[in-house]
Protein chains: 2
Amino acid sequence: MTVRPKPRPQKRINDPEGMRKKVLDVAEVAFQARGYHASSLGDLMAAAGVSGGALHHHFPTKKALALAVIDERVAAAVEETWIAPVLVANTAREGVRAVFEAVAAELEQQGFVRGCPLNNLAHELSLADPDFRLALAGIFVGWRRAISDKLRADQQAGREEGTDPERFAALAVAAYSGAMSMAKTAQDASVLRDCLAGLERSALSPSQGGLAARRRRRVLLRPRTL
Amino acid sequence: MTVRPKPRPQKRINDPEGMRKKVLDVAEVAFQARGYHASSLGDLMAAAGVSGGALHHHFPTKKALALAVIDERVAAAVEETWIAPVLVANTAREGVRAVFEAVAAELEQQGFVRGCPLNNLAHELSLADPDFRLALAGIFVGWRRAISDKLRADQQAGREEGTDPERFAALAVAAYSGAMSMAKTAQDASVLRDCLAGLERSALSPSQGGLAARRRRRVLLRPRTL
DNA sequence: TATAAAACAGACCGGTTGTCCTGTTTTGTC
DNA sequence: GACAAAACAGGACAACCGGTCTGTTTTATA
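Everything numeric here is computed off the predicted structure, so don't read it as measured data.

This part is about the protein's contact with DNA strand C. Neighbouring DNA strand C are 20 residues; His57(A), His58(A), Arg12(B), Leu41(B) and Lys62(B) lie closest to it. Arg12(A) is positioned such that a nitrogen or oxygen atom in its side chain is 3.4 Å from a base nitrogen of DNA strand C. In this structure, a sugar or linking oxygen belonging to DNA strand C sits 3.4 Å away from a side-chain N or O atom of Asn14(A). At the level of secondary structure, the elements contributing two or more residues to the surface near DNA strand C comprise α1 (16–33) and α3 (52–58) of chain A. Across the surface near DNA strand C, the residue classes tally to four nonpolar, 11 polar and five charged.

This is the structure:
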């Protein structure tokens, strides 16, 4: 038996920012994977290794935690996944295509579709609480505006003159959201490529890409438990 | 004081089908408005005026009730709202347009967006339970197939020859699902019309409909409490 | 170093949840 | 009418949830 001279006088290090981040990390994943109502604070505390007192200190209520996740994490995810890639693309249309393909490739690689963080929470919480709804609606607005602004810039450069920016942005966001919804339910990311193909102007020309490249549907199984 | 000769020997009438229907009615509304996890069986029992014993007799578990709602009500809603109108339309494209416009008009009239029943439950339950996921995925498949079959029939009649049926169906369903998601979050049905306009071929022609007819956005407030 | 505030720990509580259980009434069947 | 099964009523219960509470430790400030 090893001797233990000092029972437990180990120092404790206060790391409010780190602890807050740890809670947000766990909550972000749990809210997306299981949803808001299905994620109990006990689960989050255990997963994050955080005491009840600490959790309550940083987030007085569960609602406050969810609002923080929406404002800080979901908005950032949309920014990183959609807005930034669209901004750096040559045109809005190319940006949209790039995001669709990047997400499809990522989902096929990781073999599991968790769905869109924004849409997941939007469906569950929009009607549950006005604060939730407003926070989520604002993210949608920013998402669409980034695309429509980009397309307007294209038009000032003489491209895409026949496309209405608002309509294009609305359709791009809606098609992506709906495609992710189906992909999540089917656990199959191929519907993303179907929708992208339909979004392209080339959807009007008969046999543009052919069927061979598109037919690689498969059922994906979850890689990690969570 | 009025005399009450017989304390309460009133007959009871067994109506298993009616009681089951009453429970499903209430559950369908509650699951859509508040979600599955946020709807307690106590709420449903109170709303339906059903005892716990009766509820448990027809639906042994909450999951069984939800599966019944999905199989019997959500599938029927998709059938009624989407599949039937598409089948009776002249073409698949006209059917899709008709549904978009009908739903948009209905939402604007009732002034409140509850969202798509299928997508609402799909987001909350797809990852929660394999049985839920499969049931919901099947409805999506039938939905898409109805559209793609219709478009294939159009093509055999010499129309829409440049459109891929699977892609068109996937995009139509995705655009609708995503648009309903945004409409629910924003409590504004106008995004449905934006997406419909983007779906039309006419999206490629510069000023086809003009802006005046489209700019009637407004924020809708809930009419009834629920 | 004195002191107050911030950060954290952990127990506790009232209310709710889904399910189960026992008992009673109705209904179909011989 | 006898009888078993179905239909229904309503209470009980253990588990769980979110929030609160008290107390301790760390940290910033003076």
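Still more to cover.
A separate point is the packing of helix α8 (residues 165–186) of chain A against helix α9 (residues 190–199) of chain B. Packed helix pairs are characterised by how far apart their axes lie and by the angle those axes make with each other. At a closest axis distance of 8 Å, the pairing of α8(A) and α9(B) adopts a crossing angle of 95 degrees. Here α8(A) lies roughly perpendicular to α9(B), going by the angle between them. Residues Arg167(A), Ala170(A), Leu171(A) and Ala174(A) of α8(A) form the contact with α9(B), whose own contacting residues are Val191(B), Asp194(B), Cys195(B), Ala197(B), Gly198(B) and Leu199(B). Looking at the contact of α8(A) with α9(B) residue by residue, the classes come out as seven nonpolar, one polar and two charged.

So, about the nonpolar core. Most often, soluble globular proteins keep nonpolar side chains buried together rather than apart. With 129 residues, the main nonpolar core has Trp82(A), Phe100(A), Phe100(B) and Ile147(B) as its most contacted residues. In this structure Phe100(A) touches Trp82(A), Ala172(A), Ala175(A), Tyr176(A), Leu192(A), Cys195(A), Leu196(A) and Leu199(A), once residues within four positions along its chain are discounted.

The interface is formed by 54 residues belonging to chain A together with 54 residues belonging to chain B. Both sides together, the interface formed by chain A and chain B hides about 4400 Å², and carbon and sulfur atoms give 62% of it. Its largest share of buried area at the contact with chain B, chain A owes to His123(A), Leu127(A) and Arg167(A), together 18% of the area lost on that side. Taken together, the connections running from chain A to chain B amount to zero salt bridges. For the pair chain A and chain B, the number of links is 11 residue pairs in polar contact (both at pLDDT 80 or more). Taken together, the elements giving at least two residues each to the side of chain A that touches chain B come down to α1, α6 (117–125), α7 (130–156), α8 and α9 (190–199) of chain A.

What follows covers unusual backbone geometry. Residues and elements named next belong to chain B. For Glu160, which is not glycine, the phi dihedral falls at a positive 55 degrees. Mapping Glu160 onto the fold places it in the loop between α7 (130–156) and α8 (165–186). For Gln187, which is not glycine, the phi torsion reads 50 degrees and is therefore positive. Within the fold, Gln187 resides in the loop between α8 and α9.

Conventions adopted
Residues numbered from 1 in each chain as written. Chains lettered and ligands numbered in written order. Predicted model: local features only at pLDDT ≥ 70, side-chain atom pairs only at ≥ 80, totals over all residues. Heavy atoms only, no water. Near = heavy atom within 4 Å. Polar contact = N/O pair within 3.5 Å; in protein donor to acceptor, adjacent residues only side chain to side chain. Helix = DSSP H or I, 4+ residues; strand = E, 2+ residues; numbered from the N terminus. Nonpolar A, V, L, I, M, F, W, Y, C, P; charged D, E, K, R; others polar. Axes fitted to C-alpha atoms, helices over the stretch in contact; angles between N-to-C directions. Parallel < 35°, antiparallel > 145°, perpendicular 65-115°, else oblique. Contact = heavy atoms within 4.5 Å. Core = buried A, V, L, I, M, F, W, Y, C linked by side-chain atoms within 4.5 Å. Buried < 20%, exposed > 50% of the residue type's maximum accessible area, 1.4 Å probe, protein only. Buried area = accessible area lost by both parts, 1.4 Å probe. Salt bridge = Lys/Arg side-chain N within 4 Å of Asp/Glu carboxyl O.

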